[in-house]
Amino acid sequence: MTSRRYSSCSYCGSAVEERHIRVETWIGDTLTVFEDVPAGVCSHCGEEYLGADTQEKMFALTKSAPRRTMDVPVYGFTDPLTVAKAAAKRKGQQPSERAFDAADEESDVPLTSDEEISKLMETDFEEWEDSER
């Protein structure tokens, strides 16, 4: 690895050292992952810096066959009904049944009840994550 000298971090002023990182970026509507990319990384805050030559090489790599491909799971954070209820609450209105029906028709995700949302809001996620391990 050729050692490159980096300026100090533009965010926190700490030293920036060269490391190899993974870069995830969208190219059009495709999520693309580059592995083992040489970059400057702040030793304090972790801010990453890519040189112009590195970015040019990444772009050139997209013109060739990838080393491998992978499936990426995609999750919706909220269901449409929850979004409709929150928007109505912000406006101080009662949402119409029509808004809920439209949300039901547009979503292939099971809708969450108010009771389920309340339970989730009370959940201690750190405890939950520990029990998953």
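The preceding data block contains the structure.
Residues numbered from 1 in each chain as written. Predicted model: local features only at pLDDT ≥ 70, side-chain atom pairs only at ≥ 80, totals over all residues. Heavy atoms only, no water.

Engineer: Report on the side chain of Thr32, specifying residues and quantitative values.
Structural biologist: Relative to the helices and strands, Thr32 is located in strand 2 (residues 30–42). Residue classification places Thr32 among the buried positions, given a relative accessible area of 19%. Setting aside anything within four residues of it in sequence, one finds Thr32 in contact with Val23, Glu24, Thr25 and Ile27. (Helix = DSSP H or I, 4+ residues; strand = E, 2+ residues; numbered from the N terminus. Buried < 20%, exposed > 50% of the residue type's maximum accessible area, 1.4 Å probe, protein only. Contact = heavy atoms within 4.5 Å.)

Engineer: Pulling in residues and values, what's your account of the side chain of Glu18?
Structural biologist: Note on placement: Glu18 falls in strand 1 (residues 16–27). Assessed through its relative accessible area of 19%, Glu18 is described here as buried. Engagement of the side chain of Glu18 in a polar contact is seen with the side chain of Tyr6, the distance being 3.5 Å. (Polar contact = N/O pair within 3.5 Å; in protein donor to acceptor, adjacent residues only side chain to side chain.)

Engineer: Tell me about the pairing of strand 2, residues and numbers included.
Structural biologist: As paired elements, strand 1 and strand 2 share eleven bridges and run antiparallel to each other. Paired with Val23 across the two strands is Phe34, which belongs to strand 2. Joining the antiparallel neighbours strand 1 and strand 2 is a turn of two residues, in which Gly28 adopts a positive phi near 65°. The pairing of strand 2 with strand 3 (residues 48–49) spans two bridges and is classified as antiparallel. Across the sheet, residue Val41 finds its bridge partner in strand 3, namely Glu48. Linking strand 2 to strand 3, which pair antiparallel, is a turn of five residues; within it Gly46 sits at a positive phi near 85°. (Pairing = 2+ DSSP bridges.)

Engineer: Could you give me a rundown of a nonpolar patch on the surface, with the residues and numbers involved?
Structural biologist: Together, Trp26, Leu31, Val33, Met70, Val72 and Val74 line one region of the surface with nonpolar side chains, adding up to about 600 Å² of accessible area. Residue placement: Met70 occurs in the loop between helix 1 (52–61) and helix 2 (80–91). (Patch = residues over 30% accessible without salt bridge, like charges linked within 9 Å, V, L, I, M, F, W, Y side chains within 5 Å. Areas by Shrake-Rupley, 256 points an atom, 1.4 Å probe, with all protein chains shown as cover. Salt bridge = Lys/Arg side-chain N within 4 Å of Asp/Glu carboxyl O.)

Engineer: Help me get a handle on the sheet that holds strand 3, residues and values and all.
Structural biologist: Hydrogen bonds along the backbone pair up the strands of a sheet, which may run parallel or antiparallel. Spatially, three strands are ordered 1-2-3 in an open sheet, and the strand pairing comes out antiparallel. Two strands bound the open sheet, and with one partner strand each, they are strand 1 and strand 3. Contacts between helix 1 and the sheet are confined to strand 1 and strand 2, with strand 2 contributing the most and set at about 160° to the helix. (Axes fitted to C-alpha atoms, helices over the stretch in contact; angles between N-to-C directions.)

Engineer: Explain helix 2 residue by residue, including any values.
Structural biologist: When the terminal C-alpha atoms of helix 2 are compared, their 17 Å separation across twelve residues agrees well with the 16 Å that a helix rising 1.5 Å per residue should span. What helix 2 keeps buried is the set Leu81, Ala84 and Ala88. One face of helix 2 carries all of its buried residues, which in axial projection span an arc of 65°. For helix 2, the exposed residues set more than 90 degrees away from the buried face come down to Lys89 and Arg90. (Expected span 1.5 Å × (residues − 1). Arc of directions from axis to C-beta.)

Engineer: Hey, could you go over the nonpolar core for me, with residue numbers and the actual values?
Structural biologist: The biggest cluster of nonpolar side chains holds seven residues, and these are Ile21, Val23, Phe34, Val37, Ala39, Val41 and Met58. Elements with a contribution of two residues or more to this core: strand 1 and strand 2. With four residues, the top contributor of residues to this core is strand 2. Setting aside residues no more than four positions away along its own chain, Val37 makes contact with Arg19, His20, Ile21, Val23, Leu50, Thr54 and Met58. (Core = buried A, V, L, I, M, F, W, Y, C linked by side-chain atoms within 4.5 Å.)

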